[in-house]
Amino acid sequence: MTSVKVAILGFGTVGEGIFNILQEKREQFKTQLGIDLDVAKILVRDATKQRVGIANTLLTESIDEVLAVPNLDVVFEAIVGEEPAYGYLDKAIEHHVNVVTANKVMFAKFGQVLQEKAQKYGVQVGYEATTAGGVPVIKTMENILRVNDVNHVQGILNGTSNYILTQMRTEGISFETALKNAQQLGYAEADPYNDVSGQDAFKKLMILSNLAFGQQPNWDDVEVVGISAITLQQVQEADAKGQRYRHIAEVGLDEDGYIFAKIGPQLVDATHPLYSIDGVDNAVSLDTNYIGKLTLVGPGAGMYPTASVMVEDYADMLVKKPALVTI
Ligand SMILES: NC(=O)c1ccc[n+]([C@@H]2O[C@H](COP(=O)([O-])OP(=O)(O)OC[C@H]3O[C@@H](n4cnc5c(N)ncnc54)[C@H](OP(=O)(O)O)[C@@H]3O)[C@@H](O)[C@H]2O)c1
């Protein structure tokens, strides 16, 4: 049996989901992988705040205390924003600790740097949860790219925007009312700017761009348009013509091999792979040279979809390169 120490950075929606899954699956990991996964530290902003079911000794506000855990093999990062997340993961890699992140804002900017650094230090980086939540787009693309070229990626990458557009069409309500509904149901933040402005989808698209093309377009050259200007009348007129508004993030190579990307509402008809994607679901459609067109659909967010793909990322790492500490 191998004993593996785990740390979780952030104990909000996603962090708590990771903790719960690690508890629930502990016996399964022991029997299937011969590994005993033990959560040794949880880093939060405020360690004095009581967390139900969590011993105070597990909580810390210090990354140094996290990285001082003997035999620490992985850090799951589920905090918000570029910093301190990037600095924490950079430091974890320097301590030869694997990292798994859900943080698209940080990873869109620093993903490449972290991956290069991880290679140098002989550890792995998991980032499935950064893009399209529970939809296994990263793993699928990594696999496809071993043989196929991906020429064009189109996605519905923000569930809140998709929910709002769906509600406008199916319930005949305005953008403002649909947004309020989304907030009441917990699909949209109190400050919905990142979702409805297209910025959230933009960050996820840049992560996919790196993976598919090994590069990102210059961020300043990417047109990013949200959905707030779409009126109910436009949605209804489109519907009458058999068309739907979809908020689509796309990246590809033009005829001269230059990368292009744009994010914004598009009118699509029933022949389009994203036409039927309703509600909070995310979807990613890939154009590949051998397979052809492939579309992945599923939950783009939520505690368990997001947390479970993060634990899967780590399970994959263990299969590729087992942890070394044996008891
Ligand atoms: N929620 C989803 O469905 C979802 C889906 C995909 C990806 N993500 C990504 O996952 C990450 C976490 O999302 P979430 O929804 O779980 O967020 P959340 O509920 O707001 O929780 C954030 C957690 O991070 C901690 N934190 C925030 N800033 C910190 C700092 N400067 N230092 C230390 N800890 C800090 C908070 O500590 P306190 O508890 O002490 O405040 C809290 O425990 C984000 O990057 C998000 O984009 C979320």
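Rules behind the numbers
- Position numbers for residues start from 1 in each chain and track the written sequence from start to end.
- For this predicted model, a pLDDT threshold of at least 70 governs which residues receive local features, and a threshold of 80 or more governs which side-chain atom pairs are given and counted, while totals over whole chains, interfaces and linings are taken from all residues.
- As a rule here, side-chain values cover all heavy atoms of the structure and leave hydrogens and water aside.
- Using a grid of 1 Å spacing that covers the protein atoms alone, one calls a set of points a cavity when a 1.4 Å probe fits there but cannot get out, and a pocket when the set is open and has protein on both sides within 12 Å along at least five of seven lines; lining residues are those with an atom within 4 Å of a point.
- Grid points are joined across faces, edges and corners, and a volume is the space filled by probe spheres set on the points.
- A run of H or I in DSSP counts as a helix once it spans at least four residues, and a run of E counts as a strand once it spans at least two, with each numbered from the N terminus.
- In this count, Pro and Cys sit with the nonpolar residues alongside Ala, Val, Leu, Ile, Met, Phe, Trp and Tyr, while Asp, Glu, Lys and Arg are called charged and the others, Gly among them, polar.
- Annotation comment: domain bounds sourced from an automatic or database domain assignment.
- In these notes, residues near a molecule or strand are those with any non-hydrogen atom within 4 Å of it.
- Each polar contact in these results corresponds to two N or O atoms within 3.5 Å; when the atoms are within protein, one needs to be able to donate a hydrogen and the other to accept it, and residues that are neighboring in sequence are counted only if both atoms are side-chain atoms.
- Using the Shrake-Rupley algorithm and a 1.4 Å probe, accessible areas are obtained, with residue cover drawn only from the displayed protein chains.
- Think of it this way: a molecule belongs to a cavity or pocket when more than half its atoms come within 2 Å of the grid points there.
- Between buried and exposed lies partly exposed: a residue is buried under 20% and exposed over 50% of the maximum accessible area for its type, with that area taken using a 1.4 Å probe on protein chains only.
- Contacts are assigned to residue pairs with any non-hydrogen atoms lying within 4.5 Å of each other.
- Buried surface area refers to the total accessible area, computed with a probe of radius 1.4 Å, that the two partners give up upon joining, counted for both partners together.
- Each reported salt bridge corresponds to a side-chain nitrogen of Lys or Arg within 4 Å of a carboxyl oxygen of Asp or Glu.

### Details of the layout of surface pockets
The space that makes up the largest pocket amounts to roughly 1,600 Å³. What lines the largest pocket is a set of 50 residues, among which Thr13, Val14, Val80, Lys104 and Glu189 lie closest to the centre. Where the lining of the largest pocket is concerned, the elements lending two or more residues are α1 (13–24), α5 (104–121), α7 (159–171), α9 (193–196), α10 (199–213) and α12 (303–320). Class assignment for the residues of the lining of the largest pocket results in 20 nonpolar, 18 polar and twelve charged. Mapping the lining of the largest pocket onto the domain boundaries places at least three of its residues in each of domain 1 (2–132 + 304–320) and domain 2 (137–300). As a volume, the second largest pocket reaches approximately 480 Å³. For the second largest pocket, the lining is made up of 20 residues, of which Gln115, Gln124, Val125, Glu142 and Lys320 are closest to its centre.

### Looking at the site of the ligand
For the ligand, the set of nearby residues contains 22 residues, the closest of which are Phe11, Val14, Arg51, Ile79 and Gly302. Measuring from an oxygen atom of the ligand, one finds a backbone N or O atom of Gly12 at 3.2 Å. Take Gly302: an N or O atom from its main chain is 2.7 Å from an oxygen atom of the ligand. Relative to its unbound accessible area of 900 Å², the ligand is 79% covered by the protein chains. If you map the ligand onto the pockets, it falls in the largest pocket. Here the shell around the ligand is built from residues that sort into eleven nonpolar, six polar and five charged.

### Regarding the side chain of Asn103
Here Asn103 shows up in the loop between β5 (98–101) and α5. Overall, the relative accessible area of 4% leaves Asn103 in the buried class. Within polar-contact distance, the side chain of Asn103 engages the side chain of Glu77 at 3.1 Å. In contact with Asn103, other than residues within four places in its own chain, are Glu77, Ile79, Val80, Gly81, Ala85 and Thr130.

### So, empty space enclosed by the protein
A full pass over the atoms with the stated rule returns two cavities of 30 Å³ or more. In this structure, the largest cavity encloses a volume near 50 Å³. Along its surface, the largest cavity is lined by Leu165, Thr166, Arg169, Val235, Arg244, Tyr245 and Arg246. Mapped onto the lining of the largest cavity, the elements with two or more residues apiece are α7 and β9 (243–253).

### Let's talk about the domain arrangement of the protein
On domain assignment, one finds that the protein holds domain 1 (2–132 + 304–320) and domain 2 (137–300). Relative placement of domain 1 and domain 2: their C-alpha centres are 28 Å apart. With 16 residues of domain 1 in contact, the opposing surface of domain 2 contributes 19 residues. Regarding the contact of domain 1 and domain 2, the summed buried area is about 1,500 Å², with carbon and sulfur atoms giving 58% of it. If you sort the residues of domain 1 by the area they bury against domain 2, Ala108, Thr131 and Ala132 come out on top, with a joint share of 37%. Along the contact surface separating domain 1 from domain 2 lie four salt bridges. In this structure, Glu312 engages Lys139 in a salt bridge whose closest nitrogen and oxygen atoms are separated by 3.6 Å. Inspection of the domain 1/domain 2 interface yields six residue pairs in polar contact (both at pLDDT 80 or more). Elements with a minimum of two residues in the side of domain 1 that touches domain 2: α5 and α12. Looking at the side of domain 1 that touches domain 2 element by element, the count peaks at six residues for α5.

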